Amino acid sequence: MVNSADFRPSRSGASWEARVPVASFISLLVDTLREAASALEQEKESLLEMINSIQSSQEMRSISDGEREELSLTASRLLSRTLTVEVSVETIRNPQQQDALSKATSIVDEIAGEILNDLEGGKKRLLSLLAACVTEAPPVPIDQKFQSIVISCALEDQKKIKRRIETLIRNVDNSGKTIRIMDHQKLNGQKVNKSLQ
């Protein structure tokens with residue numbers, strides 16, 4: 001066990017200097033701990049996304065009622081268990097970074113709230129936001145205002161904003177597929193009805 005007394009400054013300059021490498025090592029351990037916790041945060045987000053995709057998948061409509069109920073109950077149980085895991089890495093921010101994060105979050109929240117009304121338009125806006133978060137030149141227009149806001153955010157917040165936008169885009173793609181499949185089924189149903197008349 002590490003004794004905090006071992007790291008107190010000594011009156012001897014040489015002894016204090018000898019402890020500097022230890023402090024550097026502890027700093028490395030702290031960074032490793034934060035990275036590991038951040039990886040767990042991402043893993044939790046991925047699990048939640050996977051569970052959500054199971055609950056809203058087209059396959060749920062093509063199985064029997066009993067199988068659907070069993071799968072739905074399993075997904076709900078997994079969701080509850082996943083939500084019991086609390087992992088949090090606090091980001092140290094100055095007032096400018098805090099303000100930038102609030103603005104960036106507000107912009108993404110606004111699009112997320114309106115996206116079901118216009119999937120195609122919402123996806124275009126999300127892609128322009130994502131383009132503002134990446135270094136390589138994307139094939140879509142960049143939201144310059146959003147880019148200037150994101151650049152003012154702390155580095156960890158920039159990564160989280162980018163991940164959230166990517167998740168929203170995947171959700172839009174999955175929703176679009178579900179809607180197209182349902183529309184296709186509706187058209188096929190109409191054709192069957194006409195042929196029966």
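Everything below is about the structure shown above.
Remember, predicted model here, so these are calculated numbers, not experimental data. (Residues numbered from 1 in each chain as written. Predicted model: local features only at pLDDT ≥ 70, side-chain atom pairs only at ≥ 80, totals over all residues. Heavy atoms only, no water.)

1. Things to note about the environment of Gln 42
Item 1. Position of Gln 42 relative to the elements: it lies in helix H1 (residues 13–55).
Item 2. C-alpha separation for the pair Gln 42 and Lys 160, spaced 118 residues apart in sequence, amounts to 9.0 Å. (Helix = DSSP H or I, 4+ residues; strand = E, 2+ residues; numbered from the N terminus.)

2. Things to note about the packing of helix H4 (residues 95–114) against helix H5 (residues 119–131)
Item 1. Between H4 and H5, the least distance of the axes is 10 Å, while the angle of their chain directions is 160°. By the criterion of interaxial angle, the relationship of H4 to H5 is roughly antiparallel. At the point where H4 passes H5, the crossing takes the left-handed sense. Here Ile 107, Val 108, Glu 110, Ile 111 and Glu 114 of H4 come into contact with H5, specifically with Gly 122, Arg 125, Leu 126 and Leu 129.
Item 2. For the contact of H4 with H5, a count of residues per class yields five nonpolar, one polar and three charged. (Axes fitted to C-alpha atoms, helices over the stretch in contact; angles between N-to-C directions. Parallel < 35°, antiparallel > 145°, perpendicular 65-115°, else oblique. Left-handed = near helix turned anticlockwise from the far one by under 90°. Contact = heavy atoms within 4.5 Å. Nonpolar A, V, L, I, M, F, W, Y, C, P; charged D, E, K, R; others polar.)

3. Topic: the layout of surface pockets
Item 1. Reported here for the largest pocket is a volume of approximately 410 Å³.
Item 2. Residue lining of the largest pocket: 15 residues in total, with Glu 41, Lys 44, Glu 45, Leu 48 and Arg 163 positioned closest to the centre.
Item 3. Contributions of two or more residues to the lining of the largest pocket are made by H1 and helix H7 (155–196).
Item 4. Ranked by residue count, the leading element in the lining of the largest pocket is H1, at six residues. (1 Å grid on protein atoms, 1.4 Å probe; cavity = no way out; pocket = protein on both sides within 12 Å on 5 of 7 lines; lining within 4 Å. Points joined across faces, edges and corners; volume = space filled by probe spheres on them.)

4. Topic: the side chain of Lys 44
Item 1. Relative to the assigned elements, Lys 44 resides in helix H1.
Item 2. Glu 86 provides the closest opposite charge to the buried, unpaired Lys 44, separated from it by 4.4 Å.
Item 3. A distance of 2.6 Å separates a polar side-chain atom of Lys 44 from the backbone oxygen of Val 85.
Item 4. Each residue touching Lys 44, except ones within four places of it in the same chain, is listed here: Thr 82, Leu 83, Val 85 and Glu 86. (Buried < 20%, exposed > 50% of the residue type's maximum accessible area, 1.4 Å probe, protein only. Lys, Arg positive; Asp, Glu negative; His and termini not counted. Salt bridge = Lys/Arg side-chain N within 4 Å of Asp/Glu carboxyl O. Polar contact = N/O pair within 3.5 Å; in protein donor to acceptor, adjacent residues only side chain to side chain.)

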